[in-house]
Amino acid sequence: MRILIANDDGYLAPGIAALVEAMRGLGEIDVIAPEQNASGTSNALTLNRPLSVFTAASGARVINGTPSDCVHVALTGLLPQRPDLVLSGINNGANMGDDTLYSGTVAAAMEGYLFGIPAIAFSQVDKGWAHLDAAARVARSVVERVLAEPPADGPWLLNVNIPNRPDADTLPRLVTRLGRRHASEPVIQQTNPRGEPIYWIGPAGDAREAGKGTDFHATASGCVSITPLQVDLTDHATLPSWRQRLEGGL
Ligand code: MN
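Just so we're clear, the structure is a prediction, and the values are computed from it rather than from any experiment.

Parameters and conventions
Residues numbered from 1 in each chain as written. Predicted model: local features only at pLDDT ≥ 70, side-chain atom pairs only at ≥ 80, totals over all residues. Heavy atoms only, no water. Phe/Tyr/Trp six-rings, centres within 6.5 Å; stacked < 30°, edge-to-face > 60°. Helix = DSSP H or I, 4+ residues; strand = E, 2+ residues; numbered from the N terminus. Lys NZ or Arg CZ within 6 Å of the ring centre and 35° of its normal. Pairing = 2+ DSSP bridges. Axes fitted to C-alpha atoms, helices over the stretch in contact; angles between N-to-C directions. Patch = residues over 30% accessible without salt bridge, like charges linked within 9 Å, V, L, I, M, F, W, Y side chains within 5 Å. Areas by Shrake-Rupley, 256 points an atom, 1.4 Å probe, with all protein chains shown as cover. Salt bridge = Lys/Arg side-chain N within 4 Å of Asp/Glu carboxyl O. Buried < 20%, exposed > 50% of the residue type's maximum accessible area, 1.4 Å probe, protein only. Core = buried A, V, L, I, M, F, W, Y, C linked by side-chain atoms within 4.5 Å. Contact = heavy atoms within 4.5 Å. Parallel < 35°, antiparallel > 145°, perpendicular 65-115°, else oblique. Left-handed = near helix turned anticlockwise from the far one by under 90°. Nonpolar A, V, L, I, M, F, W, Y, C, P; charged D, E, K, R; others polar.

A few words now on the packing of aromatic side chains. One pass over the structure, following the stated rule, counts one aromatic pair. Relative to Phe54, the ring of Tyr11 has its centre 5.8 Å away and its plane inclined at 90°; by these criteria the two rings are edge-to-face. In this pair, Tyr11 sits in the loop between β1 (2-6) and α1 (14-22) while Phe54 sits in strand β3 (residues 53-55), placing the two residues 43 residues apart along the sequence. The lysine or arginine in question, Arg245, covers the ring of Trp242, its NZ or CZ lying 4.9 Å from the ring centre.

Glancing now at the sheet that holds β1. An order of β3-β4-β2-β1-β5-β6-β7-β13-β8 is seen for the nine strands of this open sheet, with the pairing classed as mixed. Of all strands in the sheet, those with a lone pairing partner are β3 and β8 (173-175), marking the two edges. Strand-to-strand twist in this sheet, taken as the mean axis angle between neighbours without regard to direction, amounts to 20°. Relative to strand β6 (residues 119-124), strand β5 (residues 85-92) runs parallel, the two being bridged by five bridges.

What follows covers a nonpolar patch on the surface. A cluster of nonpolar side chains, namely Leu101, Tyr102 and Leu233, defines an oily patch on the protein surface of about 420 Å² accessible area. Relative to the helices and strands, Leu233 is located in the loop between β13 (224-229) and α7 (239-246). Judged by relative accessible area, which is 75%, Leu233 ranks as exposed.

Grouped together as the largest cluster of nonpolar side chains are 34 residues, with contacts concentrated most on Ile5, Met23, Leu87, Ile120 and Phe122. Take this core: its biggest share by element is nine residues, from helix α5 (residues 132-148). Contact partners of Met23, with chain neighbours within four places excluded, come to Ile5, Ile29, Leu87, Ala139, Arg140 and Val143. Counting residues in hydrophobic clusters, the runner-up holds 19 residues, among them Ile32, Ile63, Ala74 and Leu79.

The tally for this structure, following the rule as stated, stands at 12 salt bridges. When the shortest N-O distance is used, the salt bridge between Arg177 and Glu209 registers 3.0 Å. A residue pair is termed long-range when its members are at least 10 positions apart, and Arg177 in the loop between β8 and β9 (180-181) and Glu209 in strand β12 (residues 207-209) qualify at 32 residues. Assessed through its relative accessible area of 40%, Arg177 is described here as partly exposed.

Another point: the packing of helix α2 (residues 67-78) against helix α4 (residues 104-114). At a closest axis distance of 8 Å, the pairing of α2 and α4 adopts a crossing angle of 20°. If you check the angle between α2 and α4, you find them roughly parallel. Judged by the twist between their axes, the crossing of α2 over α4 is right-handed. On the side of α2, the interface is formed by Pro67, Ser68, Val71, His72 and Leu75, while α4 contributes Gly104, Ala107, Ala108, Glu111 and Gly112. For the contact of α2 with α4, the per-class residue count stands at five nonpolar, four polar and one charged.

Geometric values such as these leave the question of function open.
Right, here's the structure in full:
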């Protein structure tokens, strides 16, 4: 069993250290993580410059790129053997609903999934790393459960969000669908020292679709949320009507 662990908060983040520690004994672990915090970089690959790698004191391989770069480089040449599982996290903050489109944490796991390897992304719901040890126990337990009874047809991709509670590992686990968020808060405009306007991207919007069955609802109800993800963005439901509207007539 070989496990590749990445994240988007950077190789020094407490979350990845906790995840690595939690997986001890499950197999051979390779850690390949971004040098800088790369939260919100989604599935970006660095194509306009080369990537360099160094080995940190912890043994982690560190890449000056994105989370997807890390997993991509790992799987296409850096690792001598293909891992059996890709894990990402534990992220500093939730990745629920629309977050999953922007998340580097989810993207690192998704990169493994795109290469045909089962993958799991782990996030704590609140920022600040409170009760990270309990979240790490949840991660260990979820991995053990999945490995004990893996889906027959792989690969698969799970997105796990864990409430920041000391008893996180005793909370019920719900398999959920993604909710939706409201549009982001407005951009924050400031003035730089040269008198020019600068803009900070505003915070993510609050949950909009957060009904029963969603990741937002599960975590708000004191449960660990586990959402199986897929990558196909096709709007299958509207295919027929778009065909009618746009095909033919030439
Ligand atoms: Mn992050």
